Amino acid sequence: MRFRVTHRTEYAYVAPASESFAELRVWPRDTQTQKVLARQLTIEPRVPVDNYVDYFGNHVEFFSVPFRHQRLAVEASAEVETYPAPDLREQLEVNVAEARQIVHSQMYKLFDFLQPSDTVPLGDVLRPLKQRFFDPGAPLGESLLKLNRFIHSDFAYSPGVTDISTPLTKVIQQRRGVCQDFAHLMLSVLRTAGIPARYVSGYIEHFDPEKTDPALVGAAASHAWVEVFLPGGEWYGLDPTNNQAAGERHVVTAVGRDYHDVAPMRGTYKGAHDQRLQVIVMLKRQALNGTGESHTNNPFPMEQSQQQTQQIN
Amino acid sequence: MQRRPDNARDLFANYQPLRDEMWMASGQPRADVAKLFETLDRFSREELLDRSTRLTRAARELGAHFAVVDDQPVDDQEWGLDLLPRVIAPAEWNLLERGLIQRAKAFNAYIADIYGAQRILHERAVPHEIVLSDPAFHRQLIGLPVRDNLYAPLVAVDLVRDSAGGWQVLENHFSTPFGIAYVLQSRRMLAQAFPELFATVDVAPVAPFAAQLAELLRASSPRPNPHAVLLCRGEDNQSYFEESFLARSLGIAMVQPGDLLVRESRVFIKTIRGLEQVDVIYRRIESSSIDPIAFGQSRFQGVPGLVNCVRKGNVAIINAIGSGVADNRAILRYSDRIIMYYMHEKPLLKTVPTFTCRDVDQAAHVRHNLANMVLKPIHDLNTMQKYYGKQLNLSSARDLRPALENHPDLLVAQPLIEPSHAPRFHEGEFVSRSVFLRAFILLGETPVVLPGGLTRQAIDRSENQRLTIMTGGIKDTWVPASGPGATTFAAAAAAPEAIGEEFSIGSRVAETMYWMGRYLERAENIARQLNTLDALRWDSLGPEAQRLYWPLWRAVAVSADQWPRTNIDPPPDLPDLNRALVLDHTQPASVHACVRSAINNAAGIRDIVTPELWQALNQLGLRLMDVGARPKNVSRARLREICQFVVEESQRVSGAAERTMLHDEAWQFFRIGGWLERAIDTLAILQALVGPEGRQLLGRLEHETDLIALLRLLCSLDAYRRTYRSRAYLGRVISLMLGHAGNPSAVSHCLTHLRHALANLQIHRDLGPANPLIDEIAVIDEACKHLDPEKVLAADSSDLLGDLRRQVEALHQRLEDTYFSHQHTFAKGEQTTIEFR
């Protein structure tokens with residue numbers, strides 16, 4: 001499938017801000033299951049942007065606004081083609097004990113994705129769930145889907161109840177949250193069980209324009225899910241918010257140990273604390289007409305994309 | 001020859017050497033230091049006590065020079081410089097020198113490997129979990145360019161000398177080695193207090209080390225004449241002493257994160273002259289608190305974007321951020337392996353056996369032998385707290401046993417070693433006390449070891465086994481000079497040190513002084529005005545009069561941001577408003593809040609603020625805090641008393657600033673802030689009176705000669721009487737408040753002084769007379785002088801005072817742009833959409 005993703009973040013400051021600096025992780029990754037066809041980033045006010053690739057392979061862009069400004073708008077757009085996930089059935093049939101053993105032999109490589117963090121504490125924090133998800137003899141794939149289903153059915157999706165500073169213990173206690181909470185919860189269960197897993201940020205197509213499926217749920221601004229390391233060396237995407245494996249309708253932007261490795265925008269400025277933040281994410285499926293080259297230049301002029309913008313938040 | 005009965009040798013009569021480095025068990029000094037003891041022998045006990053006192057006094061004087069103004073006085077015991085130096089035997093030093101350079105090189109290769117291919121982890125020579133779980137290992141820094149792959153050119157290593165005379169390494173310090181200033185200053189003080197000793201041994205000088213460090217900093221940038229700064233936080237006395245001394249000896253500016261600004265992947269220092277690009281940063285703050293963007297969850301401000309400047313190769317940081325991985329005490333266990341792995345040589349220096357408590361078996365061993373072990377966190381406590389914050393309870397530094405159960409992965413243990421001893425002059429006699437050495441290595445083009453180092457010595461017998469860098473005493477440390485003619489420095493040591501280059505003052509300091517000046521002026525104005533208004537006895541005014549006088553109160557309340565400009569009715573309870581205006585610190589512009597802001601500003605520049613100024617300011621704050629705790633209980637009379645106190649104390653603070661501070665550019669900004677605030681305040685009050693609601697009052701004031709209240713409000717009653725020698729006429733009051741250059745509250749007076757202060761700044765003298773800002777102020781000043789009071793008062797006049805006030809208020813932004821933030825210097829760039837593929 002081909003998507004056009006537009007991620008616009010706008011800060012309106014009550015008093016002019018100065019000395020702004022920000023780092024962005026809003027550049028979709030090139031992976032086995034997706035390819036970035038074209039990409040564009042616009043900053044208002046206009047300033048030079050530089051970029052690098054971080055430790056986890058994410059594209060990072062950064063800029064400073066060294067003069068007084070009343071508003072800051074960042075618009076990242078990309079045209080991404082997604083493909084169906086490869087056949088992982090064989091790897092998912094391995095039982096949990098075997099999977100752990102294979103992982104153990106590669107501990108050094110996978111170390112980061114088995115560790116606790118401030119956001120993803122392990123062990124005791126999970127006790128209130130009163131659940132065991134990983135029976136050593138059970139097939140890994142089945143166990144993972146069971147966990148996915150459990151989070152989906154036992155936790156209510158309710159935007160606004162939590163934010164990124166809400167600790168996991170509180171999410172577990174309230175049994176509600178949004179996609180990033182569910183992703184962190186799932187990471188905690190997986191890592192506690194000795195199964196390496198990483199946090200994924202990206203976008204999801206909310207509803208399938210060709211079908212009358214029930215709408216898929218995504219977070220207000222962007223979506224988050226997890227990827228599990230399979231014994232065969234593949235990363236397997238699981239979306240507990242929507243109780244499904246990540247597929248063609250998921251677009252991956254960045255991966256890391258937890259949210260803090262992949263925050264879409266992290267910045268500082270000098271000025272009054274009052275600001276109005278508006279985030280608009282738009283994901284639109286494109287017709288596959290096979291004229292790929294025509295997109296490389298400037299596939300979607302800004303004016304046009306603004307007309308199509310629908311506000312999600 | 002007959003000896004005097006109390007000479008030094010007799011002081012050793014009862015000396016009981018224990019594993020002593022310098023005094024043999026046979027009762028004789030070590031052969032190579034015999035001359036040193038012979039010289040000592042020529043002095044009587046009284047003379048030695050006198051020399052010892054000289055040393056203490058010198059240390060105290062130094063402490064006073066370098067101390068941050070603090071509530072706690074500098075403890076001169078902290079320094080505790082002994083009059084007897086520690087002399088390291090030539091053969092031992094030779095081995096130490098080679099061993100230290102070997103170690104510094106090996107661990108540098110290790111750091112580069114960890115931030116590069118991680119070969120040593122792939123090959124399992126060091127357990128990966130120790131490195132990958134180390135809070136000092138920052139994944140953000142992988143692949144960052146580091147010149148010659150040399151992360152930590154400046155290294156410190158802590159060593160003990162065991163009973164067998166062998167040296168063992170206790171700890172590495174590759175991140176921000178601390179203590180060089182203590183070495184250099186101890187040498188200088190001893191040479192001054194006891195020059196005779198220096199004639200006995202051919203001592204290698206320590207002072208060149210600073211020059212070598214300065215050279216290394218310069219060589220770290222490819223630019224021809226690089227601009228280097230020392231980046232620190234200046235958070236406590238100890239580090240402030242070291243940092244300010246080093247900055248001065250290295251001839252570089254000492255900056256804090258707020259002084260630096262990142263723009264297009266380059267770092268700049270903000271000075272009142274403008275922005276200057278920085279090429280080299282001598283880092284004295286912990287890696288993860290250097291950039292809040294790169295280290296997202298950092299609790300510290302840092303310099304946003306700094307890491308990306310390093311990434312783009314536009315600035316070098318010495319030691320490179322991330323070097324702390326070599327300081328992880330858990331890898332000490334693998335020291336020999338690391339040295340052999342990278343150097344392909346046998347380690348020349350032993351490392352104290354270290355147990356990693358993360359390992360279950362080692363932890364068990366530690367538990368069984370706890371009585372003979374020292375537990376340590378994997379990094380020093382200060383660093384640990386920075387990483388783990390409050391969630392980590394390492395109970396007390398002394399007792400880490402609870403942590404052994406809760407956080408074994410954060411602990412290591414080393415067996416108690418028996419360090420060698422050296423004589424120490426203590427209360428009139430020599431006693432045997434343990435010593436420990438911090439050595440410094442510089443991996444420049446030719447690696448050098450600072451000849452000597454920082455020797456810490458126990459003062460009390462009880463400290464003998466548990467020496468740390470914080471332990472009591474210091475000993476000057478001597479090693480034999482290698483070349484001829486190296487000793488000539490001792491005689492020169494009494495001459496004053498060279499003064500480093502003068503730097504233009506940082507924008508942060510100027511801005512802080514400016515705000516201090518403004519807040520203090522505002523606090524004084526509100527306090528005085530409320531006091532004056534209270535004399536009008538609001539309660540005894542009838543409702544009609546209350547309505548008439550309200551605009552005056554409102555003007556004060558509005559200028560204190562306490563009352564919306566649009567609200568024109570008096571509040572039902574005026575005393576409550578008054579109390580809030582004075583005491584409620586949660587209201588951003590109350591007297592109390594202003595004083596607090598002034599104190600907070602002063603606290604940020606303690607190195608500039610004199611103790612007298614700090615004390616006066618602090619007393620004012622404490623008093624307000626006292627009274628403000630229960631504002632409801634404050635009676636009207638009490639409130640007046642407090643207002644009076646604030647007025648008097650503010651004047652005392654200004655006086656202290658005037659009388660005790662160096663009248664440099666920073667001080668000018670303190671005054672500039674005060675004048676701008678006063679000009680704005682005067683205009684605000686006048687504007688309220690000639691505004692639509694004030695008019696009725698005006699008529700009445702003139703009629704009832706209550707203009708005196710207005711003059712008092714503006715602190716200009718005397719000025720009026722002496723200028724006009726008549727009853728008050730409104731027109732004259734307006735003239736006096738706007739254009740009279742001799743009236744301290746007049747707008748023109750404030751603007752004139754402001755202009756002169758700006759023109760007197762060194763930068764403007766350098767730049768020549770042309771300065772648009774100064775010209776702008778002159779234009780406003782002229783307008784004030786020539787404003788016709790009748791026109792101001794004319795009912796149909798457009799908002800003349802309002803215009804004037806806006807112009808004066810706009811000066812704030814102009815000052816900010818020109819001297820503080822430099823935001824005006826950046827023209828907006830061209831279209832910058834970037835596109836890929």
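The structure presented is a predicted model; accordingly, all values stated were derived computationally and were not measured.

## Looking at the overall build of chain A
A count of helices and strands for chain A gives eight helices and 14 strands. Taken over 313 residues, chain A has a buried fraction of 44%.

## Quick notes on the overall build of chain B
Across its full length, chain B carries 31 helices and 21 strands. The proportion of buried residues among the 837 residues of chain B is 48%. Taking as baseline every contact in chain B between residues at least 6 positions apart, the subset at least 24 positions apart corresponds to 72%.

## A short note on the sheet that holds strand S6 (residues 260-263) of chain B
All names here are of chain B. Reading across from one edge, S6-S7-S8 is the order of the three strands in this open sheet, with antiparallel pairing throughout. Bordering the open sheet on either side are S6 and strand S8 (274-277), each of which pairs with just one other strand. Between one strand and the next, the sheet's axes are offset by a mean angle of 40°, whatever the strand orientation. Of the pairings in the sheet, the one linking S6 to strand S7 (residues 266-271) comprises four bridges and is antiparallel in character.

## A word on the nonpolar core
In this structure, A:Met186, A:Val228 and B:Ala439 are the most contacted members of the largest nonpolar core, which totals 223 residues. Leaving out residues up to four positions away in the same chain, A:Val228 has contacts with A:Leu144, A:Leu190, A:Ile195, A:Ala197, A:Trp235, A:Tyr236 and A:Leu238. In this structure, B:Tyr514, B:Trp550, B:Val627 and B:Leu689 belong to the second largest nonpolar core, which totals 96 residues.

## Details of the sheet that holds strand S8 (residues 197-204) of chain A
All names here are of chain A. As summarised here, the arrangement of the five strands in space is S11-S10-S9-S8-S12, forming an open sheet in which the pairing is antiparallel. At either end of the open sheet lies a strand with only one pairing partner, and these are strand S11 (244-245) and strand S12 (250-256). Direction of pairing for S8 relative to strand S9 (residues 223-229): antiparallel, over a ladder of six bridges. Bridge pairing in S9 links Ala-197 to Val-228. Set on the sheet, helix H6 (residues 179-192) makes contact with S8, S9 and strand S10 (235-239); between it and S9 the angle comes to about 15°.

## Focus on unusual backbone geometry
Following A:Glu44, the chain continues to A:Pro45 via a peptide bond in cis, the omega torsion being 0°. Phi is positive for B:Ser265, which is not a glycine, with a value near 60°. Mapped onto the elements, B:Ser265 comes out in the loop between S6 and S7. Looking at B:Ser265, the number of C-beta atoms within 10 Å reads 20, which means it is buried.

## What about the interface of chain A and chain B?
Taken together, the 33 residues of chain A in the interface contact 35 residues of chain B. Taken together, the elements giving at least two residues each to the side of chain A that touches chain B come down to strand S1 (2-27), strand S2 (34-44), strand S3 (50-53), strand S4 (59-65) and strand S13 (265-270) of chain A. Residue contributions to the side of chain A that touches chain B peak at six residues, all from S2(A). Classifying every residue of the side of chain A that touches chain B gives 16 nonpolar, eight polar and nine charged.

## With respect to the pairing of S10(A)
All names here are of chain A. Of all five residues that make up S10, five are buried, and the element is covered over most of its length. The sheet contact formed by S9 and S10 spans four bridges and is antiparallel. Across the sheet, Phe-229 pairs through a bridge with Trp-235, a residue of S10. The hairpin turn running from S9 into S10, its antiparallel successor, is five residues long, and Gly-233 in that turn takes a positive phi close to 100°. The pairing of S10 with S11 spans two bridges and is antiparallel.

## A short note on the pairing of S8(B)
Put simply, side chains in a regular strand alternate between the two faces of the sheet. Residues and elements named next belong to chain B. Summarising the sheet, S7 and S8 pair through four bridges and their orientation is antiparallel. What sits directly across from Lys-270, in S8, is Leu-275. Here S7 folds back onto S8, and the loop between the two strands holds two residues.

## Focus on the packing of helix H25 (residues 717-724) of chain B against helix H26 (residues 730-738) of chain B
Residues and elements named next belong to chain B. At a minimum axis distance of 11 Å, the contact between H25 and H26 shows a crossing angle of 115°. With respect to their mutual orientation, H25 and H26 come out roughly perpendicular. Of the two possible hands of crossing, H25 and H26 adopt the one that is right-handed. Contact with H25, carried on its side by Ala-719, Tyr-720, Thr-723 and Tyr-724, involves Arg-732, Val-733 and Leu-736 of H26 and no other residues of that element. Residues of the contact of H25 with H26, tallied by class, amount to five nonpolar, one polar and one charged.

## Thoughts on the packing of helix H4 (residues 90-114) of chain B against helix H11 (residues 335-343) of chain B
All names here are of chain B. One can describe the packing of H4 onto H11 by two numbers: an axis separation of 9 Å at closest approach and a directional angle of 80°. Taken as axis vectors, H4 and H11 run roughly perpendicular relative to one another. Seen from H4, the contacting residues are Gln-102, Arg-103, Lys-105, Ala-106, Phe-107, Ala-109 and Tyr-110; seen from H11, they are Ile-338, Ile-339, Tyr-342 and Met-343. Grouping the constituent residues of the contact of H4 with H11 by class yields eight nonpolar, one polar and two charged.

## A short note on the environment of B:Pro304
With respect to the helices, strands and loops of the structure, B:Pro304 is situated in the loop between strand S9 (280-283) and helix H10 (306-311). With 27 C-beta atoms packed within 10 Å, B:Pro304 lands in the buried category. Once the C-alpha coordinates of B:Pro304 and B:Val262 are considered, the two residues, 42 residues apart in sequence, prove to be 7.0 Å apart. Excluding its chain neighbours within four sequence positions, the residues that come into contact with B:Pro304 are A:Phe21, A:Thr268, B:Val262, B:Asp291, B:Pro292 and B:Ile293.

## Side note on the confidence of the model for chain B
Residues and elements named next belong to chain B. Residues with a pLDDT of 70 or more make up 84% of chain B, whose mean pLDDT is 84. When mean pLDDT is compared element by element in chain B, H11 scores highest at 98, while strand S21 (residues 834-836) scores lowest at 39. Across residues 484-494, confidence stays below pLDDT 50; counting only partners more than four residues off in sequence or on other chains, it has 17 contacts. Both scores are given for the predicted complex: the pTM is 0.85, the ipTM 0.87.

Each value, and the rule that gives it
- Residues numbered from 1 in each chain as written.
- Chains lettered and ligands numbered in written order.
- Predicted model: local features only at pLDDT ≥ 70, side-chain atom pairs only at ≥ 80, totals over all residues.
- Helix = DSSP H or I, 4+ residues; strand = E, 2+ residues; numbered from the N terminus.
- Buried ≥ 20, exposed ≤ 12 C-beta atoms within 10 Å, placed from the backbone.
- Contact = placed C-beta atoms within 7 Å.
- Pairing = 2+ DSSP bridges.
- Axes fitted to C-alpha atoms, helices over the stretch in contact; angles between N-to-C directions.
- Core = buried A, V, L, I, M, F, W, Y, C linked by C-beta atoms within 7 Å.
- Nonpolar A, V, L, I, M, F, W, Y, C, P; charged D, E, K, R; others polar.
- Parallel < 35°, antiparallel > 145°, perpendicular 65-115°, else oblique.
- Left-handed = near helix turned anticlockwise from the far one by under 90°.
- pLDDT = per-residue confidence, 0-100.

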